[in-house]
Amino acid sequence: MNVLARDHFDHAASEFDAPVQVLVNCAGIGNLHRLLDLPLDEWEAIFAVHVRGTFLTTQAFGRRLRETDLPGSIVNIPSLNHEPASPGLAHHCPATAPG
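So, here is what we can say about the structure in this document. Fair warning: this is a prediction, and the values are worked out from it, not measured in the lab.

Turning our eyes to something else, we now look at the packing of aromatic side chains. All told, the structure shown has one aromatic pair when counted by the stated rule. Measuring from centroid to centroid gives 4.7 Å for Trp 43 and Phe 47, while their planes differ by 35°, and the two rings are tilted. One end of the pair, Trp 43, and the other, Phe 47, are both in helix H2 (residues 40-68), four residues apart, so they sit about a helical turn from each other. Owing to a relative accessible area of 30%, Trp 43 belongs among the partly exposed residues under this scheme.

This part covers the environment of Asp 7. Inspection of the secondary structure assignment puts Asp 7 in helix H1 (residues 6-13). Distance from Asp 7 to Ala 60, taken between C-alpha atoms, is 8.5 Å for residues 53 residues apart in sequence.

Moving on, we get to the side chain of Thr 57. Inspection of the secondary structure puts Thr 57 in helix H2. Classification of Thr 57 by relative accessible area gives buried; the value is 4%. Polar contacts involving the side chain of Thr 57 include one to the side chain of Asn 25, which spans 2.6 Å. A polar side-chain atom of Thr 57 sits 3.3 Å from the main-chain carbonyl oxygen of Thr 54. Residues within four places of Thr 57 in sequence aside, it is in contact with Met 1, Val 3, Phe 9, Leu 23 and Asn 25.

Okay, H2 next. Helical geometry: 3.6 residues make up each α-helical turn, so side chains three or four residues apart lie on a common side. Along its 29 residues, H2 runs 41 Å from first to last C-alpha, staying within 8% of the 42 Å computed at 1.5 Å per residue. Along H2, the sharpest kink reaches roughly 35°, centred on Arg 52. Those residues of H2 that sit buried are Ile 46, Ala 48, Val 49, His 50, Gly 53, Leu 56, Thr 57, Ala 60, Phe 61 and Leu 65. Downstream of H2 by one or two residues, Asp 69 has phi in the positive range, about 60°.

Once that is clear, we can look at the pairing of strand S1 (residues 22-25). Here S1 shows a clear split, with Leu 23 and Asn 25 buried on one side and none of Val 22 and Val 24 buried on the other. Bridge count between S1 and strand S2 (residues 73-76): four bridges; the pairing is parallel. Along S2, the bridge assignment pairs Val 24 with Val 75. Note that the unit made of S1, H2 and S2 has a crossover that is right-handed.

What follows is about unusual backbone geometry. For Asp 69, which is not glycine, the phi dihedral falls at a positive 60°. With respect to the helices, strands and loops of the structure, Asp 69 is situated in the loop between H2 and S2. Residue class for Asp 69 comes out exposed when judged on its relative accessible area of 68%.

The rules we used
- Residues numbered from 1 in each chain as written.
- Predicted model: local features only at pLDDT ≥ 70, side-chain atom pairs only at ≥ 80, totals over all residues.
- Heavy atoms only, no water.
- Phe/Tyr/Trp six-rings, centres within 6.5 Å; stacked < 30°, edge-to-face > 60°.
- Helix = DSSP H or I, 4+ residues; strand = E, 2+ residues; numbered from the N terminus.
- Buried < 20%, exposed > 50% of the residue type's maximum accessible area, 1.4 Å probe, protein only.
- Polar contact = N/O pair within 3.5 Å; in protein donor to acceptor, adjacent residues only side chain to side chain.
- Contact = heavy atoms within 4.5 Å.
- Expected span 1.5 Å × (residues − 1).
- Bend = angle between axes of the 7 residues up to and from the residue.
- Pairing = 2+ DSSP bridges.
- Right-handed = clockwise from strand over helix to strand, strands pointing away.

Structure follows, in structure tokens:
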């Protein structure tokens, strides 16, 4: 599933025979780079998947729950690398902290 595409969640949820009542956010991408050598597009891609992806899937899930009037649960699983910072992960650590 592409967590950056709003319609992917609804499509994935429609594949089940029963209403989806649990969302687990654990999507992530990453690679090692020294901060001074990190390309801006990689910084933005990491934040897009880790932060915006979590927001978009949570929003879509919440809307489906509201439509069905069912209870639900959301589990956000951040990376273990959000604390402490590790060499080569200056871009990864802050992107996973919001989880």
